[in-house]
Amino acid sequence: MDRIMGFFGIPEEEDLEEVEETESGQPRGRGRNKVVSLHTQKQIRVVLSEPRSYEEAQEIADNLKSHRPVVINLQRVRREQAIRIIDFLSGTVYALGGSIHKLGSHIFMCTPANVDIQGTISDMLSEDTKDLLR
């Protein structure tokens, strides 16, 4: 039984010892400590943005730099401003290794590299609905 537990990295009760934190916040173990936390993924927040001018594109880019995906609704800006915002965000997303997806008419989702988007919405929609989105 000990060999099986050792194979999976589960230490015997005798191998576990208390871990003290130093003043710098780094754990300092006394002896061998083989306990590893399996909950390493933190909660990801999606930011919804409805910019009204080009100047708000930098705030959206700051969210992307902080590894937060952003959904952008461009219905409240003029077409020229919307194109400039998408151009700016496309460069930001490229620099961060992320991606940008069109979700609907004037609605886009920008994601940093730590977020993976699977599937496409247009494949799921009927032809009638596609005409409405154009």
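It should be emphasised that the depicted structure is a prediction, and the values quoted were computed from it without experimental measurement.

Scoring rules and cut-offs
Residues numbered from 1 in each chain as written. Predicted model: local features only at pLDDT ≥ 70, side-chain atom pairs only at ≥ 80, totals over all residues. Heavy atoms only, no water. Core = buried A, V, L, I, M, F, W, Y, C linked by side-chain atoms within 4.5 Å. Buried < 20%, exposed > 50% of the residue type's maximum accessible area, 1.4 Å probe, protein only. Helix = DSSP H or I, 4+ residues; strand = E, 2+ residues; numbered from the N terminus. Contact = heavy atoms within 4.5 Å. Right-handed = clockwise from strand over helix to strand, strands pointing away. Pairing = 2+ DSSP bridges. Axes fitted to C-alpha atoms, helices over the stretch in contact; angles between N-to-C directions.

Our next topic: the nonpolar core. Judged by nonpolar contacts, the single largest core of 15 residues is most densely connected at Leu 64, Ile 72, Leu 74, Leu 89 and Cys 110. Sorting the residues of this core by element identifies helix H2 (57-65), strand S4 (70-73), helix H3 (79-96) and strand S6 (107-111) as the ones contributing at least two each. Residues within four places of Leu 64 in sequence aside, it is in contact with Val 70, Leu 89, Thr 92, Val 93, Leu 96, Cys 110, Thr 111 and Pro 112.

Let's shift gears to the pairing of S4. Because side chains alternate across S4, one face comprises the buried residues Val 70 and Ile 72, and the other comprises Val 71 and Asn 73, equally buried. Handedness of the crossover joining strand S3 (residues 47-49) and S4 through H2 is recorded here as right-handed. Here S4 pairs with S6 via four bridges, running antiparallel. Pairing of Val 70 across the sheet is with Cys 110, part of S6.

Spatial ordering of the open sheet is given by S3-S4-S6-S5, a layout of four strands whose pairing is mixed. With partners counted over all chains shown, the strands left at the sheet margins are S3 and strand S5 (99-104), one partner each. Mean inter-strand twist for the sheet, computed between neighbouring axes without regard to direction, equals 20 degrees. Sheet strands touched by H2: S3, S4 and S6. Its angle to S4, the strand with the most contacts, is close to 160 degrees.

By themselves, these observations are geometric and do not establish any function.
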